[in-house]
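# Survey of secondary and tertiary structure
Given next are the chains, with one letter for each unit.
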Amino acid sequence: MGGNSYRVEDHSFSEATATAPHPPPPPRPVEEIHRHRVCLPPTKTTAQKLKHRVSEIFFHDDPLHKFKNQPYFTKFILALQYFFPIFQWAPTYSLNLLRSDLISGLTIASLAIPQGISYAKLANLPPIVGLYSSFVPPLMYSILGSSRHLGVGPVSIASLVMGSMLGEAVHVAEDPILYLKLAFTATFFAGLFQASLGLLRLGFVIDFLSKATLVGFMAGAAIIVSLQQLKGLLGIVHFTSNMQIVQVLLSVFNHTDEWSWQTIAMGFSFLVLLLTARKISMRNPRLFWISAATPLTSVILSTLLVFFLKSKVHRISTIGELPKGLNPPSPNMLCFHGHHLQVAIKTGLVTGILSLTEGIAVGRTFSSLKNYQIDGNKEMMAIGFMNMVGSCTSCYITTGSFSRSAVNYNAGAQTAVSNIVMASAVLMTLLFLMPLFYYTPNFILAAIIITAVIGLIDYQAAFRLWKVDKLDFLACSCSFFGVLFISVPLGLAIAVGVSVFKILLHVTRPNTMVLGNIPGTQVYQSLARYQEASRVPSFLILAVDSPMYFANCTYIQERIMRWVREEEEWILENKENTLKCIILDMTAVTAIDTSGIDALFELRKKLEKKSLLLVLANPAGTVMEKLHKSKTLEALVLDGLYLTVGEAVADISSGWKAQP
């Protein structure tokens with residue numbers, strides 16, 4: 001067998017050789033294969049290792065590569081463009097771009113105005129707050145954001161969660177001022193949390209909200225939101241503030257005496273109109289403007305209808321008077337003390353994660369369609385600072401809205417100027433058009449909300465989860481039923497718990513498999529997966545598809561011993577050659593800790609008692625380094641270390657043949 005050096009021979013070759021059109025050489029017999037020696041990774045100091053590890057975790061995309069070897073003035077310009085993306089595209093902005101952005105901005109404004117009013121009602125906030133939130137945040141995002149198509153404003157999910165979580169602590173009818181303070185404070189903490197994730201480059205935190213979790217959560221929330229809107233569609237005055245499906249349905253049918261046939265007739269008529277427009281735009285994307293313009297058109301028509309029939313329809317509730325003017329400053333409304341602070345922080349964290357997840361997902365979706373990239377960490381900072389500023393200007397939680405972004409994209413938006421145009425249209429509304437909303441009926445807001453959230457029910461995605469991954473479907477189901485029958489935040493927490501359990505299950509119970517040789521090659525693959533793979537006499541070749549940590553090393557050790565027992569039983573039944581050697585393919589073992597090292601050492605001792613040899617094949621660099629430092633390589637015997645499984649089989653087999 002080979003010596004004790006870890007050096008690996010250099011087998012480099014030129015590009016011309018690699019691309020030469022000659023056929024590959026035939027596979028050599030195992031006896032002719034040269035054994036390569038396994039090397040240790042380059043020696044690094046502790047500081048170098050720590051720097052490399054931190055760089056890989058937090059700066060894997062190397063965001064500062066543009067600053068290398070640049071003069072100071074250029075670095076200043078690049079830094080300005082990095083933190084304020086508006087300086088990237090503003091110098092080259094043209095009238096042609098303005099024409100496209102003007103059309104798209106006015107188009108999304110027609111959607112943003114009724115949505116802003118409706119979503120504020122969904123969060124149990126005054127309708128005017130929804131318009132405030134459609135003015136300042138889009139302006140902030142146009143300066144700080146890197147997406148060209150993201151339409152910014154209030155969204156249904158974050159509005160629902162905020163209304164649900166704050167409603168459990170403060171009843172809005174009893175203390176509306178305190179409720180408003182908590183909403184602004186929660187928005188501030190949401191922004192602070194979002195900006196911190198971006199500054200510290202901790203975006204992986206939002207990855208714990210898996211796609212499966214969000215599918216179930218959004219479907220459950222959409223049903224709850226839709227049922228809550230029955231208050232406006234049926235004209236019910238006394239309605240429950242609970243969000244559970246049972247209480248909502250009981251409230252609907254316990255107040256049948258409050259149902260108003262005029263409200264029902266007009267409300268469901270406009271609901272059918274909105275759903276029809278949505279269906280038309282979905283079937284023909286070129287007709288996107290129909291679904292975009294229908295909400296505002298419906299608001300205008302329903303307002304005129306109620307105005308002219310006001311003497312005959314007394315039971316139809318309307319928005320009432322809305323104050324004119326710009327966003328009033330609200331720093332004095334932020335509450336950083338008292339027993340309600342915990343509620344504001346918790347609400348801010350939950351709504352912050354949800355809105356951040358939606359905003360980044362939407363931004364990446366449309367950037368991929370136009371083949372440009374957005375920086376996730378910069379987006380977190382942009383959305384975070386946008387919400388922090390918004391909380392000081394009478395705005396509640398905002399992010400990138402899928403419906404607005406889709407309309408913005410289809411309308412031909414080219415830059416973030418479309419958000420500026422939309423905000424300008426909202427500004428004109430705030431300054432001059434607020435009295436026109438006095439007779440706007442609440443049933444039209446309910447119909448708009450139902451139309452907006454019904455698209456969140458993605459049953460096809462649920463079927464796909466069931467087909468592909470049952471654990472993902474379980475997380476989806478827990479999220480869905482938790483939101484429906486328990487509460488919105490607890491349903492989300494249960495789903496996240498299931499997702500984390502799935503991760504722990506994969507970590508603590510990794511996959512192990514028996515490998516066999518593909519005839520005529522030096523390739524070793526799973527016997528269960530490849531029928532042509534065959535066992536190598538006297539060898540048991542095992543692969544572990546996971547790092548070896550304290551959480552799984554005991555399981556791996558016990559599972560390997562079970563494989564050994566089952567292999568020995570198979571040999572007895574089939575009268576094959578006696579088992580002599582266990583080869584552990586460590587290609588997928590990308591990391592190991594001290595518990596894993598101890599487990600390998602114990603495994604070797606257990607196998608020695610059974611007169612079995614343990615050898616390792618292809619350990620990763622970090623694994624080799626730790627094995628070397630722990631003196632485990634010497635304990636395992638250096639000759640029990642191979643670069644590939646094929647070389648291990650060839651070398652050990654030739655050693656057996658050489659023995660007398």
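The text that follows walks through the structure, step by step, so that each part is easy to find. (Residues numbered from 1 in each chain as written. Predicted model: local features only at pLDDT ≥ 70, side-chain atom pairs only at ≥ 80, totals over all residues. Heavy atoms only, no water.)

### Concerning the overall build of the protein
Within the protein, the regular secondary structure consists of 27 helices and eight strands. Considering the protein as a whole, with its 660 residues, one finds that 50% of them fall into the buried category. Contacts in the protein between residues far apart in sequence, at least 24 positions, make up 80% of those at least 6 positions apart. Carbon together with sulfur atoms contributes 63% to the accessible area of the protein, which is approximately 32600 Å² in total. (Helix = DSSP H or I, 4+ residues; strand = E, 2+ residues; numbered from the N terminus. Buried < 20%, exposed > 50% of the residue type's maximum accessible area, 1.4 Å probe, protein only. Contact = heavy atoms within 4.5 Å. Areas by Shrake-Rupley, 256 points an atom, 1.4 Å probe, with all protein chains shown as cover.)

### Here's the deal with the state of the cysteines
Per the stated rule, a full pass over the model turns up zero disulfides. Cysteine Cys 395 shares no disulfide, and the gap to the nearest cysteine sulfur, in Cys 392, comes to 9.7 Å. (Disulfide = S-S within 2.5 Å.)

### Here's the deal with the pattern of salt bridges
For the structure on display, the rule yields seven salt bridges. Here Glu 569 and Arg 565 are joined by a salt bridge, their closest N and O atoms 4.0 Å apart. Of this pair, Glu 569 and Arg 565 both sit in helix α23 (residues 553–574), four residues apart, which is roughly one turn of the helix. Given the relative accessible area of 41%, Glu 569 is considered partly exposed. For Glu 568, the salt bridge goes to Lys 610, with nearest N and O atoms at 3.5 Å. On the criterion of sequence distance, the pair formed by Glu 568 in helix α23 and Lys 610 in the loop between α24 (594–609) and β7 (613–617) is long-range, its members being 42 residues apart. (Salt bridge = Lys/Arg side-chain N within 4 Å of Asp/Glu carboxyl O.)

### Here we look at the environment of Ser 134
Locating Ser 134 in the fold gives a position in the loop between α6 (127–132) and α7 (136–144). Since its relative accessible area comes to 0%, Ser 134 is described here as buried. Put simply, Ser 134 and Ala 109 are 25 residues apart on the chain and 8.9 Å apart in space, counted from C-alpha to C-alpha. Each residue touching Ser 134, except ones within four places of it in the same chain, is listed here: Ala 112, Gly 116, Pro 154, Arg 404, Met 422, Ala 423 and Val 426.

### Details of the nonpolar core
The biggest cluster of nonpolar side chains holds 91 residues, and the ones touching the most others in it are Leu 125, Leu 354 and Tyr 396. Here this core gets eleven residues from one element, more than from any other, and that element is helix α9 (residues 176–199). Apart from residues no more than four positions distant in its own chain, Tyr 396 is found in contact with Tyr 119, Ala 120, Ala 123, Leu 125, Val 129, Gly 130, Ser 133, Pro 154, Ser 159, Met 162, Thr 187 and Asn 387. One finds Val 514, Leu 540, Leu 542 and Met 548 within the second-largest nonpolar core, a separate group that totals 29 residues. (Core = buried A, V, L, I, M, F, W, Y, C linked by side-chain atoms within 4.5 Å.)

### Let's talk about the packing of aromatic side chains
Aromatic ring pairs are defined here through the distance separating the ring centres and the angle between the ring planes. As enumerated under the stated definition, the model contains 17 aromatic pairs in all. With centroids separated by 5.4 Å and ring planes inclined at 45°, the aromatic side chains of Phe 366 and Tyr 409 adopt a geometry described as tilted. Taken together, the positions of Phe 366 in helix α15 (residues 341–369) and Tyr 409 in helix α17 (residues 402–410) put the pair 43 residues apart, joining distant regions of the chain. Ring geometry for Trp 466 and Phe 473: centres 5.1 Å apart, planes at 70°, overall edge-to-face. By relative accessible area, Trp 466 is classed as partly exposed at 48%. (Phe/Tyr/Trp six-rings, centres within 6.5 Å; stacked < 30°, edge-to-face > 60°.)

### Quick notes on the side chain of Thr 185
Here Thr 185 shows up in helix α9. In this view, Thr 185 contacts Met 333, Leu 334, Cys 335, Phe 336 and Ala 344; residues no more than four positions away in its chain are not counted.

### Brief notes about unusual backbone geometry
With a phi close to 65°, Asn 124 is a non-glycine residue in the positive phi region. Among the secondary structure elements, Asn 124 is positioned in the loop between α5 (95–122) and α6.

### Structural notes on the pairing of strand β6 (residues 581–585)
Extensive coverage of β6 is indicated by the burial of five of its five residues. With burial as the criterion, each face of β6 is covered, one bearing Cys 581, Ile 583 and Asp 585 and the other bearing Ile 582 and Leu 584. Once the chain exits strand β5 (residues 539–544) it traverses α23 before rejoining the sheet at β6, and the crossover so formed is right-handed. Judged from the five bridges that link them, β6 and β7 form a sheet pairing that is parallel. When the bridges of β7 are listed, Cys 581 appears paired with Leu 613. One crossover worth recording links β6 to the parallel β7 by way of α24, and it is right-handed. (Right-handed = clockwise from strand over helix to strand, strands pointing away. Pairing = 2+ DSSP bridges.)

Purely spatial values, then, with no claim about function.
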